[in-house]
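Breakdown of the fold
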Amino acid sequence: MAWDPTQYLKFADHRLRPAIDLLNRIDVAEPGEVVDLGAGAGNVTRLIKMRWPAARVTGVDTSPAGLAKAAAEAQGILFRVRPRCTESLMAACKRLKVVGRHGVGLDTVDIPAATRLGVAVVHAPGSNSQAVAEHALMLMLVSVKRTLAMDKAMRQDGWSTSRAGNTELGGKTLGIVGVGNVGRRVAKFAGAIGMRVLGYDKYVPDDELRRRGAEPVKSLEELLPQVDVLTTHTPLTHETRHMINEKTLALLKPSAIYINTSRGPVQDERALFEALTRGKLAAAGLDVWEDEPTSADNPILNLENVVCSAHMAGVTGEATRQAAMQVSGEMLRVLRAERPDVLVNPDVWPHLGQR
């Protein structure tokens with residue numbers, strides 16, 4: 001009898017939809033073994049058993065040696081945030097042809113090593129751009145409207161709570177660092193609510209920045225003194241690590257708000273804490289952290305002028321499904337010897353699978 005995942009979905013949530021879509025795309029009559037990497041995969045394991053009742057689902061040691069052993073015969077490996085895709089892991093998988101990153105960021109993948117080892121790297125650019133842009137806007141609004149403080153006061157003190165202190169985004173200046181897939185959407189949102197939008201992106205020509213809804217600014221140092229809200233949408237590189245530091249924070253207005261939904265190490269959290277507690281920065285909205293998961297005793301978590309989330313800006317049902325379908329499609333193209341639409345390391349293509 002053909003498998004019917006809809007029966008399982010009656011008792012599960014929408015987050016399983018990407019797994020079901022992916023299982024539907026795998027044209028294998030009955031795999032001998034499926035490796036379950038453990039944490040959080042219980043629902044997916046049950047779906048695998050529904051798809052292939054005779055399949056043997058096994059656990060795995062998630063240490064580097066255990067992962068290398070489990071994936072030794074793999075031709076493709078799909079990674080989420082953890083574990084990191086290291087040179088040693090790829091080198092141990094002699095048949096490996098493609099590594100997929102379920103998402104956008106590539107800082108967890110050793111791309112030069114993959115190229116040396118003949119392994120293609122693919123990902124899902126743009127798959128979560130709408131989700132991240134909406135989250136960035138949410139952090140801005142919660143910060144300027146003092147939403148968390150108002151909610152707490154209303155529950156504790158009732159209707160007589162003071163209504164002073166809120167501000168508006170309309171008429172304010174937004175500075176966007178990195179005007180790519182996410183940044184351009186943020187620019188559109190901000191323009192729609194009446195903000196002046198400035199953009200700094202050294203890799204995008206001025207005319208294109210204007211088409212994306214941002215007035216070009218030549219440098220970060222020129223941008224920062226002008227903005228009421230600063231939002232960062234850059235990848236993590238040697239250039240952007242600790243880009244937001246004591247020196248650059250000092251260029252912002254004391255009334256400014258800082259938003260980060262990109263990568264945690266873009267900010268120096270010690271300098272950020274100092275600015276937030278010494279009146280040099282009014283508020284911050286942070287979805288990403290220097291070390292993740294961030295420690296429960298991170299002092300920033302104790303600040304009432306900070307809105308926090310746990311690297312979840314891009315985690316929506318829609319974005320998760322899009323990322324799963326996009327990257328699995330790219331991986332399948334490589335395994336069929338077809339060039340993927342977006343190949344991170346194009347130099348690998350002439351010697352794909354060769355070591």
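In this report, the structure presented in the accompanying data block is examined. (Residues numbered from 1 in each chain as written. Predicted model: local features only at pLDDT ≥ 70, side-chain atom pairs only at ≥ 80, totals over all residues. Heavy atoms only, no water.)

Some remarks on the nonpolar core
Met140, Leu169, Leu174, Ile176, Val186, Val229 and Ile259 are the most contacted members of the largest nonpolar core, which has 28 residues in total. Of all the secondary-structure elements, those providing two or more residues to this core are helix 7 (129-144), strand 6 (173-177), helix 9 (181-192) and strand 10 (257-260). Broken down by element, the residue count for this core peaks at eight residues, all from helix 7. With residues up to four places along the chain from it excluded, the contact list for Ile176 reads Gly183, Val186, Ala187, Val197, Leu198, Gly199, Tyr200, Leu223, Thr231 and His233. Val217, Leu249, Leu272 and Leu281 belong to the second-largest nonpolar core, a separate cluster that totals 27 residues. (Core = buried A, V, L, I, M, F, W, Y, C linked by side-chain atoms within 4.5 Å. Buried < 20%, exposed > 50% of the residue type's maximum accessible area, 1.4 Å probe, protein only. Helix = DSSP H or I, 4+ residues; strand = E, 2+ residues; numbered from the N terminus. Contact = heavy atoms within 4.5 Å.)

Considerations on unusual backbone geometry
Residue Pro293 is reached from Glu292 by a cis peptide bond, and omega for that bond is -5°. Take Pro293: it is sitting in the loop between strand 11 (283-286) and strand 12 (306-308). For His311, which is not a glycine, the phi torsion comes out positive at approximately 50°. Under the relative-accessibility criterion, His311 is labelled partly exposed at 29%.

Quick notes on the packing of helix 7 against helix 9
If you want to describe how two helices pack, look at the angle between their axes and the distance between the axes. As a packed pair, helix 7 and helix 9 sit with axes 8 Å apart at the nearest point and diverge in direction by 50°. Of the possible angle classes, the one that applies to helix 7 and helix 9 is oblique. Helix-helix and strand crossings are classified by hand; for helix 7 and helix 9 the assignment is right-handed. From helix 7, Ser129, Gln130, Val132, Ala133, Glu134, Ala136, Leu137 and Met140 reach across to helix 9, where they touch Asn181, Val182, Arg185, Val186 and Phe189. When grouped by side-chain class, the residues that make up the contact of helix 7 with helix 9 number eight nonpolar, three polar and two charged. (Axes fitted to C-alpha atoms, helices over the stretch in contact; angles between N-to-C directions. Parallel < 35°, antiparallel > 145°, perpendicular 65-115°, else oblique. Left-handed = near helix turned anticlockwise from the far one by under 90°. Nonpolar A, V, L, I, M, F, W, Y, C, P; charged D, E, K, R; others polar.)

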